[in-house]
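Here's the letter readout for the chains.
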Amino acid sequence: MTFDLARARAETRGCAEVTHLNHAGASLMPAPVADAVIDWLREEELTGGYETANRHRGRLEHFYDATAKLLNCHRDEVAFVENATRAWDMAFYALDLGPGDRILTAECEYGSNMIAYLHRAKRTGCRVDIVPSDKHGQIDVAALDSMVDSHTKLISISHIPTGGGLVNPAEAVGAVARKYGVPYLLDACQSVGQMPIDVEAIGCDFLSATGRKYLRGPRGTGFLYVRYRWIEEMDIDPPLLDQHAATLVSESEYAMRDDARRFENWECYFAGKAALGTAIDYALAWGMPAIWKRVTAVADDLRAKLATVPGVTVTDQGLAKCGIVTFTKKGEDLPALRQRLLEQKINISVSTGSGSRVGFDRRGLDAVVRASVHYLTSEEEVDRLIAAIR
Ligand SMILES: Cc1ncc(COP(=O)(O)O)c(C=O)c1O
């Protein structure tokens, strides 16, 4: 079946305004998603915030059903959180780690996650060990297997790094985690929305994601998946609790919720939560396999065309590559290049060291241009970018 690109673009008002190649930063919301936010805020303005939420309880609840369908999990395993970092933090800081305990991660780990490992290492005496990459640049699963020992208390990786187009073998990592019974936290911030994600197939215990990137939801939204076993059997203890996450039952006692919403805040971005449900429905209506097929085809086309531009080096690694396309260009300062393209209404971003410190340092990279495509990217847009870079 061919992809109905014309419809995808017609339903995205921003397509008439800009050549948006920054979907890994924040995508363009489709019209039904943007309208869901705007209409909700208008209703809050005119009738009151609590009253709007009460009137649309069903839409707020629908967020859990939509996310459960997206990830192949149960709605009680989903928490709405304001962004991917905080979702990830809520799981990470809930895990017991003490002196000598080891966290295993990958070279291309996201900067904020690395900071959190080091933060806990400093506080608790646990340590973080970086699993080397294989010859394709992705986590070396055999090395991971050989590094797990009795002190290993967590395997935690980014599915797709922020500053490169590779897709880490999340399922193979999950098989190692299961083999040794080690908890597995997957940062799926860049993968959810561009490829099919099945938490059962992956075998992760926790998964974090954001709304605004490949899901095309509003900014300020994200979610956490928590395998139910962690609530039912382990009674996992979130780092923060409020009276939505728990109930105060007496002056000396509280009871935590018996679902993943123990990781949520009472107050949140209600318009965003409802609209994220709309965004997930919208993605599912296109179909995740169809989205993935189209994203990878467009990205492959862009990589092939970039390879013909003098001075450009494509820096993406990995056996499987995604919609994030990264490259360097000789003779032009990258922030200046970004500004030059912006003036031609072409949106791209530049990834610098902090977000990808370990991977970039080990590869001798300072900064790369990141042009991230989505299913709605047209061939004309790819050609416009190539011409502008040339
Ligand atoms: C791999 C990865 N993890 C986490 C994040 C953080 O997401 P958020 O800004 O929603 O907290 C990003 C953002 O770029 C990312 O690329």
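As shown above, the structure is provided for reference.
Residues numbered from 1 in each chain as written. Predicted model: local features only at pLDDT ≥ 70, side-chain atom pairs only at ≥ 80, totals over all residues. Heavy atoms only, no water.

Asks: Can you help me understand the site of the ligand in this one?
Replies: What surrounds the ligand is the set N83, A84, T85, Y110, I160, T162, D187, C189, Q190, T210, R212 and K213. In this structure, an oxygen atom belonging to the ligand sits 3.5 Å away from a side-chain N or O atom of N83. In this structure, A84 approaches the ligand through a main-chain N or O atom, which is 3.1 Å from an oxygen atom. Out of a free accessible area of 390 Å², the ligand has 91% covered by protein chains. Residues belonging to the shell around the ligand are distributed by class as follows: four nonpolar, five polar and three charged. (Near = heavy atom within 4 Å. Polar contact = N/O pair within 3.5 Å; in protein donor to acceptor, adjacent residues only side chain to side chain. Areas by Shrake-Rupley, 256 points an atom, 1.4 Å probe, with all protein chains shown as cover. Nonpolar A, V, L, I, M, F, W, Y, C, P; charged D, E, K, R; others polar.)

Asks: Which parts of the structure should I look at to understand the packing of aromatic side chains?
Replies: The geometry of an aromatic ring pair comes down to the distance between the two centres and the angle between the two planes. This structure, assessed with the given rule, holds 13 aromatic pairs. Seen in terms of ring centroids, Y50 and W266 are 5.8 Å apart; in terms of plane orientation they differ by 55 degrees. Their pairing is tilted. With Y50 in helix α3 (residues 49-55) and W266 in the loop between β10 (253-256) and α11 (270-286), this pair connects stretches of sequence that are 216 residues apart. Assessed through its relative accessible area of 57%, Y50 is described here as exposed. Their ring planes at 80 degrees and their centres at 5.2 Å tell us that F92 and Y93 sit as a pair that is edge-to-face. Relative accessible area serves as the criterion here: at 24%, Y93 is assigned to the partly exposed category. (Phe/Tyr/Trp six-rings, centres within 6.5 Å; stacked < 30°, edge-to-face > 60°. Helix = DSSP H or I, 4+ residues; strand = E, 2+ residues; numbered from the N terminus. Buried < 20%, exposed > 50% of the residue type's maximum accessible area, 1.4 Å probe, protein only.)

Asks: How should the pattern of salt bridges be read in this particular structure?
Replies: Two side chains with opposite charge may pair up if their charged atoms get near one another. Taken as a whole, this structure holds 28 salt bridges when the rule is applied. Of the charged contacts in the structure, one is a salt bridge between R362 and E107, with a shortest N-O distance of 3.0 Å. You can see R362 sitting in helix α14 (residues 357-363) and its partner E107 sitting in the loop between β3 (102-106) and α6 (111-124), a full 255 residues away along the chain. Judged by its relative accessible area of 15%, E107 is buried. E379 is the partner of K305 in a salt bridge, and the nearest nitrogen-oxygen pair spans 3.4 Å. Of this pair, K305 sits in helix α12 (residues 288-306) while E379 sits in helix α15 (residues 379-389); the two residues are 74 residues apart in sequence, bridging distant segments of the chain. What you see here is one network of salt bridges that share partners, running through E61, D65, R75 and R261. (Salt bridge = Lys/Arg side-chain N within 4 Å of Asp/Glu carboxyl O.)

Asks: What should I look at first to understand a nonpolar patch on the surface in this one?
Replies: A cluster of nonpolar side chains, namely L241, L248 and Y254, defines an oily patch on the protein surface of about 330 Å² accessible area. Inspection of the secondary structure assignment puts Y254 in strand β10. (Patch = residues over 30% accessible without salt bridge, like charges linked within 9 Å, V, L, I, M, F, W, Y side chains within 5 Å.)

Asks: Would you take a moment to explain the environment of I115 for this structure?
Replies: Among the structural elements, I115 can be located in helix α6. Residue classification places I115 among the exposed residues on the basis of a relative accessible area of 57%. A sequence separation of 45 residues divides I115 from I160, and the C-alpha atoms of the two residues are 18 Å apart.

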